[in-house]
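# Coordinate analysis (summary)
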Amino acid sequence: MTKLSVNINKFATLRNSRGGDNPNVVKAAVDAELFGADGVTVHPRPDERHIRYNDVREIKKVVRTEFNIEGNCSEQKFVDLVLEVKPDQVTLVPDALNQLTSDHGWNTIDHQQYLKDIIAVFKNAAIRVSIFVDPIVEMVEAASTTGTDRIELYTEGYARNFLVNKEQAIAPYVAAAQKAKELGLGLNAGHDLDLHNLKYFKQHIPHLDEVSIGHALVCDAIYLGYENAVQMYKRQLF
Ligand SMILES: CC(=O)[C@@H](O)[C@H](O)COP(=O)(O)O
Ligand SMILES: NCC(=O)COP(=O)(O)O
């Protein structure tokens, strides 16, 4: 079974646009689970432009499935938050400061020692670790030496190329996923997955543990309703 973790960052973006508490992000987490999600993801950024650090603490209190916190571990504030909140999973993403959204995976070869050290910090706190990587076999191989439990394949390239040539788009992901399986790494995926491209991804990579989806799911929820949107995404994963 591939789990659907709903990324609720975009609820926070909407809330912050008016400065009040509508929509409430804790309710967005509770409802994601109520509507069938298998997990909740948040990605706090240093400027707190969407999910705030304090939201993460409040959301942790209500999540009954799996809580995944993504972010940049070069920020000590992020490391401290994760160690305090103790989610089920932390996903380490090599974002630059003020980046609009995540746009690349780790260079697991150049940053191998750094990753080993920081992953050990989270593993010592009994938090499962996943690292964000591009679909490159060599990066997956080096990831497997860092002590990470899982990798998350960065799927923006897949989503973009899917519209042009889906066979070509999926090919590097199949190769990276096979390598991860061979090396005993768990496998997550995310970024720009949507109702058009998700089923094909899952069909070609059946041993996928989890997808985290936010932007497209929240956009679909505007037209379809939140409950419908969550359930439609779930159905793509059967
Ligand atoms: C790592 C990743 O792909 C997601 O966390 C995505 O970047 C969402 O972050 P934003 O909501 O800030 O775009
Ligand atoms: N890890 C990816 C994620 O949480 C959501 O990415 P997106 O669906 O908002 O592009």
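Residues numbered from 1 in each chain as written. Chains lettered and ligands numbered in written order. Predicted model: local features only at pLDDT ≥ 70, side-chain atom pairs only at ≥ 80, totals over all residues.

Time to look at the pairing of strand β4 (residues 89-92). Burial of β4 is two-sided: the residues Gln89 and Thr91 facing one way and the residues Val90 and Leu92 facing the other way are all buried. Pairing between strand β3 (residues 66-71) and β4: 4 bridges, direction parallel. When the sheet's bridge partners are listed, glycine 71 is paired in β4 with leucine 92. Handedness of the crossover joining β3 and β4 through helix α4 (residues 76-85) is recorded here as right-handed. (Buried ≥ 20, exposed ≤ 12 C-beta atoms within 10 Å, placed from the backbone. Helix = DSSP H or I, 4+ residues; strand = E, 2+ residues; numbered from the N terminus. Pairing = 2+ DSSP bridges. Right-handed = clockwise from strand over helix to strand, strands pointing away.)

Let us now look at the pairing of strand β8 (residues 210-213). In summary, the side chains of a regular strand alternate between the two faces of the sheet. Here β8 shows a buried face lined by Glu210 and Ser212 and a second buried face lined by Val211 and Ile213. The sheet contact formed by strand β1 (residues 3-7) and β8 spans 4 bridges and is parallel. Residue pairing for β8: leucine 4 is matched across the bridge by valine 211. Strand direction decides the pairing type here: strand β7 (residues 186-190) and β8, joined by 3 bridges, are parallel. Opposite alanine 189, over in β8, you have valine 211 as the bridge partner. With respect to chirality, the unit in which β7 leads through helix α9 (residues 198-204) into the neighbouring parallel β8 is right-handed.

A few words on the site of ligand 2. Around ligand 2 lies a shell of 14 residues, among which Asn7, Gly190, Ser212, Gly214 and His215 are the nearest. Listing elements by their share of the shell around ligand 2, those giving two or more residues are β8 and α10 (215-224). Its residues assigned to classes, the shell around ligand 2 comprises 3 nonpolar, 8 polar and 3 charged. (Near = placed C-beta within 6 Å. Nonpolar A, V, L, I, M, F, W, Y, C, P; charged D, E, K, R; others polar.)

With numbering aligned to this structure, UniProt lists the feature "binding site: 1-deoxy-D-xylulose 5-phosphate" (unreviewed entry) at Arg45, His50 and Thr101. Across 57 residues, the annotated set stays spatially compact, with a maximum C-alpha separation of 11.3 Å. Following the sequence through the fold, arginine 45 ends up in the loop between β2 (39-42) and α3 (53-62). Residue placement: histidine 50 occurs in the loop between β2 and α3. (UniProt positions renumbered as here; feature names shortened; annotations may be inferred.)

If you look at the biggest cluster of nonpolar residues, it comprises 66 residues, and the most contacted ones within it are Val6, Ile8, Val40, Ile131, Val133 and Ile151. Of all the elements, helix α8 (residues 166-182) adds the most residues to this core, at 6 residues. (Core = buried A, V, L, I, M, F, W, Y, C linked by C-beta atoms within 7 Å.)

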